[in-house]
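Structural overview
As a plain string of letters, each chain reads:
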Amino acid sequence: MKTFSRIEVAQQMKATGLVPLFYHSDVELLQQVVKACYDGGARLFEFTARGAFAHETFAELAKYCSKACPDLMLGVGSVTDAAAASLYMQMGAHFIVTPLLREDIAIVCNRRKVLWSPGCATLGEIARAEELGCEIVKLFPGGTYGADFVKAIKAPCPWTSIMPTGGVSPTKESIETWFAAGVTCVGMGSKLITKDIIANKNFEALTQKVSETLEMIKTYRPAN
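These numbers come from a predicted model, not from an experiment. Positions within a chain are numbered from 1, following the residues in the order the chain's sequence is written. This being a predicted model, a pLDDT of at least 70 is required before a residue's local features are given, and a value of 80 or more before pairs of side-chain atoms are given or counted; all residues contribute to the totals for chains, interfaces and linings. To obtain the side-chain values, all non-hydrogen atoms of the structure were included, while hydrogens and water were left out.

1. Digging into the environment of L192
Under the DSSP-based scheme used, a helix requires at least four consecutive residues in state H or I and a strand at least two consecutive residues in state E, with every element numbered from the N terminus. Position of L192 relative to the elements: it lies in the loop between β8 (186-188) and α9 (195-200). On the accessibility criterion, L192 (0% relative accessible area) is buried. Note: C-alpha distance between L192 and A52 (140 residues apart in sequence) is 24 Å. In this analysis, two residues are considered to be in contact whenever any of their non-hydrogen atoms come within 4.5 Å of each other. Not counting residues up to four positions away in its chain, the partners in contact with L192 are L18, P20, P170, I197, L206, K209, V210 and T213. Whether a residue is buried, partly exposed or exposed follows from its accessible area with a 1.4 Å probe, protein chains only, as a fraction of its type maximum: under 20%, in between, or over 50%, in that order.

2. Quick notes on the packing of helix α8 (residues 172-181) against helix α10 (residues 203-220)
Here the axes come from fitting lines to C-alpha atoms, over the contacting stretch only for helices, and the angles between their N-to-C directions go from 0 to 180 degrees. Across the interface, α8 lies against α10 with an axial gap of 9 Å and an inter-helix angle of 45°. In terms of orientation, α8 and α10 fall into the oblique class. As for how α8 packs across α10, the hand of that crossing is right-handed. Every residue of α10 that contacts α8 at K172, I175, E176 and F179 is listed here: T213, M216, I217 and Y220. Think of it as three bins: nonpolar holds Ala, Val, Leu, Ile, Met, Phe, Trp, Tyr, Cys and Pro, charged holds Asp, Glu, Lys and Arg, and polar takes everything else, Gly as well. Counted by class, the contact of α8 with α10 contains 5 nonpolar, 1 polar and 2 charged residues. An angle below 35 degrees is treated as roughly parallel, one above 145 as roughly antiparallel, one from 65 to 115 as roughly perpendicular, and anything else as oblique. Working rule for handedness: look at the near helix, and if it is turned counterclockwise from the far one by less than a right angle, call the crossing left-handed; if clockwise, right-handed.

3. What to know about the packing of aromatic side chains
Only Phe, Tyr and Trp rings take part, Trp by its six-membered ring, and two of them pair if their centres are within 6.5 Å. Stacked means planes under 30 degrees apart, edge-to-face means over 60, and tilted covers everything else. Here the structure, examined in full by the defined rule, presents 4 aromatic pairs. Look at F47 and F58: their rings are 5.5 Å apart centre to centre, the planes differ by 50°, and that puts the pair in the tilted class. Of this pair, F47 sits in strand β2 (residues 44-48) while F58 is found in helix α3 (residues 54-68), placing the two residues 11 residues apart along the sequence. With relative accessibility at 0%, the residue F47 sits in the buried group. Residue class for F58 comes out buried when judged on its relative accessible area of 0%. Among the aromatic residues, those joined into a cluster by ring pairs are Y23, F47, F58 and Y88. In this scheme, the term charge over a ring applies when either NZ of a lysine or CZ of an arginine sits within 6 Å of the ring centre and within 35 degrees of the ring normal. The ring of Y38 has R43 sitting right over it, with the charged end atom 3.9 Å from the ring centre. K138 extends its terminal NZ or CZ atom over the ring of F140, reaching a point 4.4 Å from the ring centre.

4. Things to note about unusual backbone geometry
The peptide bond linking F140 to P141 adopts the cis configuration, its omega dihedral lying at -10°. Following the sequence through the fold, P141 ends up in the loop between β6 (137-139) and α7 (142-154). At F53, a position not held by glycine, the phi torsion is positive, near 60°. In this fold, F53 is placed in the loop between β2 and α3. The exposed category is assigned to F53, whose relative accessible area is 58%. Even without a glycine there, the phi angle at K201 is positive, about 50°. The residue K201 is located in the loop between α9 and α10 in this model. A relative accessible area of 52% places K201 in the exposed class.

5. Remarks on the packing of helix α2 (residues 27-39) against α10
Running from N to C, α2 and α10 point in directions that differ by 40°, and their axes come no closer than 7 Å. For α2 against α10, the interelement crossing comes out right-handed. In contact with L29, Q32, V33, A36, C37 and D39 of α2, α10 contributes F203, L206, T207 and V210. Looking at side-chain class alone, the contact of α2 with α10 contains 7 nonpolar, 2 polar and 1 charged residues.

6. Quick notes on the state of the cysteines
Cysteine sulfur atoms that come within 2.5 Å of each other are treated as a disulfide pair. Scanning the entire structure with this criterion turns up 0 disulfides. There is no disulfide at C69, and the cysteine sulfur nearest it, in C65, is 4.6 Å away. The buried category is assigned to C69, whose relative accessible area is 1%. Free cysteine C109: the closest other cysteine sulfur is in C134, separated by 10 Å.

Printed below as a string of C-alpha cells:
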C-alpha cells in the first residue's frame, strides 16, 4: 500500500482542489462510490467515520483502494480524538480531518508526518492550528461562514490555506465564488454524491459529475 507524506497530500489538495467525502456501512457500495470518483479524476477521498464499526468498514475500503485506486490519497474525517486518529493511521489513512481543533490529534499526526485538517471557525483557532503545524485548515461548517469569511481571513493572513466543507456545490456559481475568495480546495459530500446517485447506483453519472467539477475548478480557480 502506498504511503504519502503530509506535504504530498497538501500539494495534491492544492493541485486538484477537490476532496469528495462520503460514508456508508455497505462496503461494496462504498467501494463503488470511491472508484467512480477516482475514475472521474479525484485523487483524494475522505471517508467520514460516523457509523458503528466504521473502522472495520474503513479497513476493507483501504485494502480495496490499494489495488483498485493505487494513486488515491484516502483520508478519514469526523475524527474527534487522538486514539481514533491513531487507529485510522494504522489502517492506512493518508490524512485526518476533524470537525474541531484538538492538540492531541495534532501531536499524533505530526509524529507520523500525516496531514491533519482541523475544523476551525475563528482566526484564533486558525492561527493556533498553524502554530501546531497544520498545512490546510478546514472551515466547518462552510455554509454557515461563507466565502466572505475566507476573503476576510486571507486579507491579513494570505499564507493561510483553507478548505471549506459544507455549503459547496458542484456548480459554476459556487465554485467560482469560493475559489475567488481564496480557498485552496473544497470538500463536497451530498451535493456531489447525491441521494439519487446512491439510490439508483448510477456510478457512471458520479464519475461524470466529478470530472465536470474538476474541470470547473481548473477553469474558475484564479491563477497564482
